[in-house]
Amino acid sequence: MRVAWVYDAQAHSDANAAGRNYWPVYTEEILRRLGITPERLAPADARDLIRLAGYAVVVAGSHPGVSPTVPSAAEAWVRAGGILIGFATVGLEELFGIRVEGCLKQPEGDFGIAAYLRLTDCNLASDVHPAGFEDQPLLVVSPVRLVVADDEGVETLATVMEPSPDAPTCGRRAVETPYAGVTLRRVGAGYACYFAFDVAQTMWAIHQGRPIDRDYDGDGYLRAMDARIVGDNDVAVPYTDVLQSLLRVILGLRPIPMVDALPPAGGRVADAVFYFGGDDEGEAGNQVPASDFMRSRGLPYHINLMPVGEGFAVSAQEAAHIEANGHELALHYNFVDGFSHPCGFTEHDVRAQADQFMRAFGRSSRCSVNHWCRWCGWADPARWIAATGGTGDNSWFGPEPVGMNPTNVTGFSFGTAFPRHVWDDWRHGNRRLPFVQEAITGYEVGYQDEQCDPAAVRRAVDLALAGRLTMCLFYHPVYIAGSPGCREAIDELLRYVDELGATVAYMGSDRLNEWWMNRDATTVEDALFDGNLLEFVVDCPDPSGCVIRVCLGQSVGARCFVESADVIPKRVTECASNWAYFPVPIGRHRVAVQFLTA
């Protein structure tokens, strides 16, 4: 039950030396986001049937110089039960059962939309696309191979749509083509699944956006919004999360244990995570009332403190009061005042404000926010903040930006509701930084002016529950302290969750950052499956433990055991597949899943 991706270290080095990003390296991030403990497989090992036999799934990118021995070894391995997933892989077309008739290139470099993807209604792809947005196709941000099925056993999971010449950045205007975007072929006891584009490049480019080297949106500032590459497409669709769901369904063709994106809530399987944060804007008097209100509702909260002079707008006593409420304090970097816009900022600017926070509170800020969502370059600020001890940022604004300070908006401009690790550019070896971006996906949700908007609250809750999301609810302390509409919106959130009987984990931005780091450090090892019994070892450092998910396939249910203790799993139907979810406590534990037949 091991999963590997083919990593070509020489191709990585050559790409970086030539001044290019090595996009396939993000395959590791994709697998980690899926909750898998991935292994790297060298190209030479991918030609070795004995080495391949140790894996249930192998993901391959577009690797030049495929030798004649690769197709025969790969086909023998797939026929024996392996799952091969290709991201625009060259040289194995016969195994995938496809024929390539051309290529769609990206119109504007590495970050341009080359095509769109429409999922079909075949069994595996059914229900993957968010309901209500069927007219909005997914985005492809990489060159696309124009693929047609060349074998009657090939199933088309998605088709390619070509951008309209009149509206190339609007998927709703895209034109249907006869080409397949994703295919699946049964080969013996295994499967060969082909993506006609580079999924790694597409997800990385949407997640991190383009480098902010100028004021792309013309608002007069360099901000995170300038990185957006989704064009005129609907930001209500989390494009990369949908692709990830499709990959999860394909991986679910084998009972591969995955660490769920959500932590347990009170020892139970959570249906969603809501995490709260807000900036104090350097204004005194609102932080403690906001914290007290959130505490009165039994909710966590996270306040980002902006530097004011040589200190902050909260006194030491106020800070102690807020932390005694169980709430978090972090840094609200200010790269707005005192700068000649549009402009960037420097590592020195970051260090000066981080040091000010350290002097005031005796520790580093964990998950910070940049005033007005300021950003510059690509991964540079993440690298600089990480060097000060910071491990996260909550500046990337997901909703459609309307004005400088909108309210009552939700959205996923960067393709995901979930946190994501930042990866550096080619100048720094495309390395993975110990730093997590938490996108703002809900901003002052549930009220407009002074009036509560219950319908907006319910839409946000329904959206989070439908996708089992981590949902950021960003409320400034000044509004919690002074706006009845804001407080009513928070109360409506709690009331509606209670009405639905949903199991929700509530947390602040720091705690979400901690969870995501701990989830990333969680390992699933020694997984063995004999056709009826799945056994593996989970090692989780998070104090709340983790949740494991396993696809049930054709089984009617499962019995789950953690160190021989019977754990009742939660059965969930997602994307036409049935899954068993069950919590595993902190530490290292041997786990067994017995699949039940009718």
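The sections below set out a description of the structure shown in this document. (Residues numbered from 1 in each chain as written. Predicted model: local features only at pLDDT ≥ 70, side-chain atom pairs only at ≥ 80, totals over all residues. Heavy atoms only, no water.)

## Remarks on the overall build of the protein chain
Operational definition: Helix and strand assignments come from DSSP, with helices taken as H or I runs of at least 4 residues and strands as E runs of at least 2, each series counted from the N terminus. With the radius of gyration taken over C-alpha atoms, the globule rule is written as 2.2 Å times the number of residues to the power 0.38. In this scheme, a residue with accessible area under 20% of its type's maximum is buried, one over 50% is exposed, and one in between is partly exposed, where area comes from a 1.4 Å probe on protein chains only. Each accessible area is a Shrake-Rupley estimate made with a 1.4 Å probe; only the visible protein chains count as cover when residues are assessed.
The helix and strand inventory of the protein chain stands at 16 helices and 36 strands. Relative to its length of 598 residues, the protein chain is compact, with a C-alpha radius of gyration of 24 Å against a globular reference of 25 Å. Here the protein chain, with 598 residues, has 61% of them falling under the buried criterion. Accessible surface, the protein chain as shown: approximately 21700 Å² in total, 50% of it carbon and sulfur.

## Quick word on the nonpolar core
Inclusion rule: Here, the term nonpolar core denotes a set of buried Ala, Val, Leu, Ile, Met, Phe, Trp, Tyr and Cys residues that are joined through side-chain atoms within 4.5 Å. Here a residue-residue contact requires only that any non-hydrogen atoms of the pair lie within 4.5 Å.
Counting 105 residues, the largest nonpolar core has Phe274, Phe276, Tyr475, Ile480, Phe536, Ile548 and Phe582 as its most contacted members. The leading source of residues in this core is helix H15 (residues 484-500), at 6 residues. Setting aside chain neighbours within four positions, we find Phe536 in contact with Pro257, Val524, Glu525, Asp526, Ala527, Ile548, Phe582, His589, Arg590, Val591 and Val593. Ranked by size, the runner-up nonpolar core spans 102 residues in total, among them Leu52, Ile83, Ile206 and Val249.

## Describing helix H13 (residues 454-467)
In plain terms, the rule: Under the convention used throughout, the expected extent of a helix is 1.5 Å for every residue step, that is, one less than its residue count. Relevant arc is that of directions from the helix axis to the C-beta atoms, nothing else.
Look at H13: 20 Å from first C-alpha to last across 14 residues, which is about the 20 Å you get at 1.5 Å a residue. For H13, every residue scored as buried is listed here: Ala456, Val457, Ala460, Val461, Ala464 and Leu465. End-on view of H13: buried residues confined to an arc of 165°, all on one side of the axis. Turned more than 90 degrees from where H13 packs its buried face, Arg459 and Ala466 sit exposed. Next to the buried residues of H13 lie strand S14 (272-279), strand S21 (409-410), strand S27 (470-474), H15 and strand S28 (504-508). Immediately beyond the C-terminal end of H13, within one or two residues, lies Arg468, with a positive phi of roughly 50°.

## Considering the pattern of salt bridges
So the rule is basically this: Here a salt bridge means any side-chain nitrogen of Lys or Arg lying within 4 Å of a carboxyl oxygen belonging to Asp or Glu.
One pass over the full model with this rule turns up 34 salt bridges. The closest approach of N and O atoms between Asp355 and Arg351, which form a salt bridge, is 3.9 Å. Pair noted here: Asp355 and Arg351 are both in helix H11 (residues 347-361), with a separation of 4 residues, about one helical turn. Residues participating in the shared-partner salt-bridge network are Glu28, Glu29, Arg32, Arg40, Arg432 and Asp520.

## Some points on the sheet that holds strand S34 (residues 570-574)
Applied cut-off: Only strands joined by at least two bridges in the DSSP assignment are considered to pair.
Read across the open sheet, the 4 strands follow the order S13-S31-S35-S34; overall the sheet is antiparallel. Single-partner strands in this sheet number two, and they are strand S13 (258-259) and S34.

## Structural notes on unusual backbone geometry
Generally, phi is negative for residues other than glycine and the peptide bonds are trans, each holding for most cases. Cis geometry marks the peptide bond from His341 to Pro342, where omega comes out at -5°. In this structure, Pro342 sits in the loop between strand S18 (328-333) and H11. If you check the backbone angles, Glu281 has positive phi at about 55° while not being a glycine. Positive phi outside glycine occurs at Ser564, with the angle close to 75°. Note on placement: Ser564 falls in the loop between strand S32 (557-562) and strand S33 (565-567).

## Quick look at helix H12 (residues 380-387)
In terms of burial, H12 is a largely internal element, 6 of the 8 residues being buried. Residues Asp380, Pro381, Ala382, Arg383, Trp384 and Ile385 constitute the buried set of H12. Positive phi shows up at Gly389, right after H12, with a value of about 105°.

## Things to note about the environment of Asp337
The following threshold applies: Any pair of N or O atoms that falls within 3.5 Å is considered a polar contact. Within protein, one atom must be able to donate a hydrogen and the other to accept it, and sequence-neighbouring residues count only if both atoms are side-chain atoms.
Tracing the backbone shows Asp337 in the loop between S18 and H11. Separated by 34 residues in the primary sequence, Asp337 and His371 place their C-alpha atoms 9.4 Å from one another. Only 3.0 Å separates the side chain of Asp337 from the side chain of Asn334, close enough to count as a polar contact.

## Remarks on the environment of Leu184
Here Leu184 is to be found in strand S11 (residues 175-187). With a relative accessible area of 6%, Leu184 lands in the buried category.

## Describing the packing of aromatic side chains
Each aromatic ring pair is described using two quantities: the centre-to-centre distance and the angle formed by the ring planes. Operational definition: Note on ring pairs: Phe, Tyr and Trp rings are taken, using the six-membered ring of Trp, and paired if centres are within 6.5 Å. Classes follow the plane angle, with under 30 degrees stacked, over 60 edge-to-face and the rest tilted.
A complete count under the given rule lists 30 aromatic pairs for this structure. Plain terms: the ring middles of Phe87 and Phe195 are 5.6 Å apart, the flat faces sit at 90° to each other, and that makes the pair edge-to-face. Of this pair, Phe87 sits in strand S4 (residues 83-87) while Phe195 sits in strand S12 (residues 190-195); the two residues are 108 residues apart in sequence, bridging distant segments of the chain. For the residue pair Phe87 and Phe195, the accessibility class agrees, reading buried in each case. Taken together, a centroid distance of 4.7 Å and an interplanar angle of 40° make the contact between Phe357 and Phe361 tilted. Placement of the pair is Phe357 and Phe361 together in helix H11, with a separation of 4 residues, close to one helical turn. Owing to a relative accessible area of 22%, Phe361 belongs among the partly exposed residues under this scheme.

## What about the sheet that holds strand S36 (residues 587-596)?
Formally: For helices, the axis comes from a line fit to the C-alpha atoms of the stretch in contact; other axes are also lines fit to C-alpha atoms, and the angle between any two N-to-C directions lies between 0 and 180 degrees.
Pairing is antiparallel across the open sheet formed by 5 strands, whose spatial order is S29-S30-S36-S32-S33. Every interior strand has two partners, whereas the edge strands, strand S29 (523-529) and S33, have only one. Taken over all neighbouring pairs, the strand axes of this sheet differ in orientation by 25° on average, direction set aside. Here S32 pairs with S36 via 6 bridges, running antiparallel. Looking across to S36, one finds that Gly557 is bridged to Leu596.

## Some details on the packing of helix H7 (residues 199-208) against helix H8 (residues 239-251)
What counts, and what does not: What sets the label is the angle itself: under 35 degrees gives roughly parallel, over 145 gives roughly antiparallel, 65 to 115 gives roughly perpendicular, and the rest give oblique. Should the near helix be turned anticlockwise from the far one by less than a right angle, the crossing is termed left-handed; should it be turned clockwise, right-handed.
Between H7 and H8, whose axes approach to 10 Å, the crossing angle comes to 150°. Judged on the interaxial angle alone, H8 and H7 are roughly antiparallel. Helix-helix and strand crossings are classified by hand; for H7 and H8 the assignment is left-handed. Packed against H7, whose contacting residues are Val199, Thr202, Met203, Ile206 and His207, the element H8 presents Thr240, Leu243, Gln244 and Leu247 at the interface.

## Remarks on the side chain of Thr89
Following the sequence through the fold, Thr89 ends up in the loop between S4 and helix H6 (93-96). Overall, Thr89 belongs to the buried group, its relative accessible area being 3%. Within the structure, the side chain of Thr89 is placed 3.1 Å from the backbone oxygen of Gly61, a separation counted as a polar contact. Among residues more than four places away in sequence, those in contact with Thr89 are Ala60, Gly61, Ser62, Phe96, Arg145 and Tyr194.

## Overview of the pairing of strand S10 (residues 154-162)
In this sheet, S10 lies alongside strand S7 (residues 115-119) in antiparallel orientation, the contact comprising 4 bridges. Its bridge partner being in S10, Leu117 is matched across the sheet by Val160. Of the pairings in the sheet, the one linking S10 to S11 comprises 7 bridges and is antiparallel in character. Bridge assignment links Thr156 to a residue of S11, and that residue is Thr183.

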